[in-house]
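# Observations on chain architecture
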Amino acid sequence: MKVKVVTKILEANERIALENRRLFDKSGVYVINLMSGPGAGKTSILEKTCPRLQESGSASLKAILAGSDDAERIERCGAPVVQINTGGACHLDANMISEVLGEIPLQDLDLLFIENVGNLVCPAEFKVGEDIKVMVLSIAEGHDKPLKYPLMFQESSALLLNKIDLAPYLDVDMEKIRRDALSLNPKLRIFEVSCKTGAGLTEWIDWLKELIMKRLMTTHQWYDLRDTAIREVRMKKRTNRSKRNRRFLKHSHISRSLTSINFTGRLLLGPNLQRQEQTRHRKRARMTFFAKP
Ligand SMILES: Nc1nc2c(ncn2[C@@H]2O[C@H](COP(=O)(O)OP(=O)(O)O)[C@@H](O)[C@H]2O)c(=O)[nH]1
Ligand SMILES: [Mg+2]
């Protein structure tokens, strides 16, 4: 009987999570559900990540937090925050997120972080409408955690092994954490980081930028930008061939770096798209060739 009730709760949650997800997708917002045990460093990760994403122009973002005093910490580093009082619940559920969506200007955002309640069990079971779950494990929690809390590791797309600055003072086998986590989830991306020293954070942030970018390339928002950008390049190419054109691609506002694309405002074109454009030209040339044997 009890199992039935739990199944129904999870099913109801899944339905609302799907509705949230549709709304996020429609607005082109990438959503990350950040989970960990209490004190592993979720807020610290956000404090380090948000300013660097904002600075690079890679994302305008917002964070939703569950907790008491964390909001001020995040707000201080420039990301607007919506706080949820879970009333002592041990995880966030889709309904709690749905209730605060009215306060969030989804259309203006690229990225939304949801900092879940500190708990290594329940958050993994409840979807909130996120694109991915990311887990933070501080190495001070010990190397037995992957096998004790397997679902967290199975559900996550990335694992941030935080507080590596403490390694010299701990008796922790980081290789075992890696091995066990990967045996539970071979696709898990693992980043060894320290919010105190800043070690490993660049790799994590670069991975994040690439992920958001890939995602945005599939949204209408991106396609609109991409089409206009391509049109702009074609126009320039027509009027400004060869050497000058190459100089245009190099020095214009059309960025050469995929991760520096500012997808909310300016029209920029990354190397992948430039390559796509070249391939398309090559294909067209070949077709013309075959048409005139
Ligand atoms: N030594 C060390 N302490 C850290 C690191 N990251 C976070 N902390 C500390 O761990 C405590 C809990 O961090 P917090 O971000 O609030 O964890 P949360 O509860 O998961 O949000 C705070 O006192 C942080 O200053 C780290 O990389 N190294
Ligand atoms: Mg926190």
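Residues numbered from 1 in each chain as written. Chains lettered and ligands numbered in written order. Predicted model: local features only at pLDDT ≥ 70, side-chain atom pairs only at ≥ 80, totals over all residues. Heavy atoms only, no water.

### Side note on the packing of aromatic side chains
What the rule picks out here adds up to three aromatic pairs. The interplanar angle of 70° and the centroid separation of 6.1 Å between the aromatic rings of phenylalanine 191 and tryptophan 204 together place this pair among those described as edge-to-face. Linking phenylalanine 191 in strand 7 (residues 189-192) with tryptophan 204 in helix 8 (residues 201-216), this pair joins segments that are 13 residues apart in sequence. In terms of burial, phenylalanine 191 and tryptophan 204 fall into one category: buried. Through a chain of ring-to-ring contacts, the aromatic side chains of Phe191, Trp204 and Trp207 assemble into a single cluster. (Phe/Tyr/Trp six-rings, centres within 6.5 Å; stacked < 30°, edge-to-face > 60°. Helix = DSSP H or I, 4+ residues; strand = E, 2+ residues; numbered from the N terminus. Buried < 20%, exposed > 50% of the residue type's maximum accessible area, 1.4 Å probe, protein only.)

### Description of the nonpolar core
Counting 32 residues, the largest nonpolar core has Phe113 and Trp204 as its most contacted members. For this core, the secondary-structure elements that each account for two or more residues are strand 1 (30-36), helix 2 (42-55), strand 2 (61-66), helix 3 (70-76), strand 4 (111-115), strand 5 (132-138), strand 6 (158-162) and helix 8. Of all the elements, helix 8 adds the most residues to this core, at six residues. The contacts of tryptophan 204, once residues within four sequence positions are left out, are Ile45, Thr49, Val134, Leu160 and Phe191. (Core = buried A, V, L, I, M, F, W, Y, C linked by side-chain atoms within 4.5 Å. Contact = heavy atoms within 4.5 Å.)

### Observations regarding the site of ligand 1
In the vicinity of ligand 1 there are 16 residues, among which Lys42, Thr43, Ser44, Asp165 and Cys195 approach most closely. At 3.5 Å from an oxygen atom of ligand 1 is found a side-chain nitrogen or oxygen belonging to serine 194. For ligand 1, an oxygen atom lies 3.4 Å from a polar atom in the backbone of lysine 196. Starting from 580 Å² of accessible surface for ligand 1 in isolation, the protein chains cover 70%. Of the residues forming the shell around ligand 1, the biggest block, three residues, is contributed by helix 2. (Near = heavy atom within 4 Å. Polar contact = N/O pair within 3.5 Å; in protein donor to acceptor, adjacent residues only side chain to side chain. Areas by Shrake-Rupley, 256 points an atom, 1.4 Å probe, with all protein chains shown as cover.)

### Here we look at the coordination of the magnesium ion (ligand 2)
At the metal site, the magnesium ion (ligand 2) is ligated by Thr43 (OG1), Asp70 (OD) and Glu115 (OE), and these contacts range over 2.0 to 2.2 Å. Mapped onto the polypeptide sequence, the residues donating to the magnesium ion (ligand 2) form the spacing pattern T-x26-D-x44-E. Here glutamate 115 lies in strand 4 and aspartate 70 lies in helix 3, a separation of 45 residues in the sequence. Of the two residues examined, aspartate 70 and glutamate 115, each falls in the buried class. (Donors = N, O, S within 2.8 Å, 3.2 Å for Na, K, Ca; no water.)

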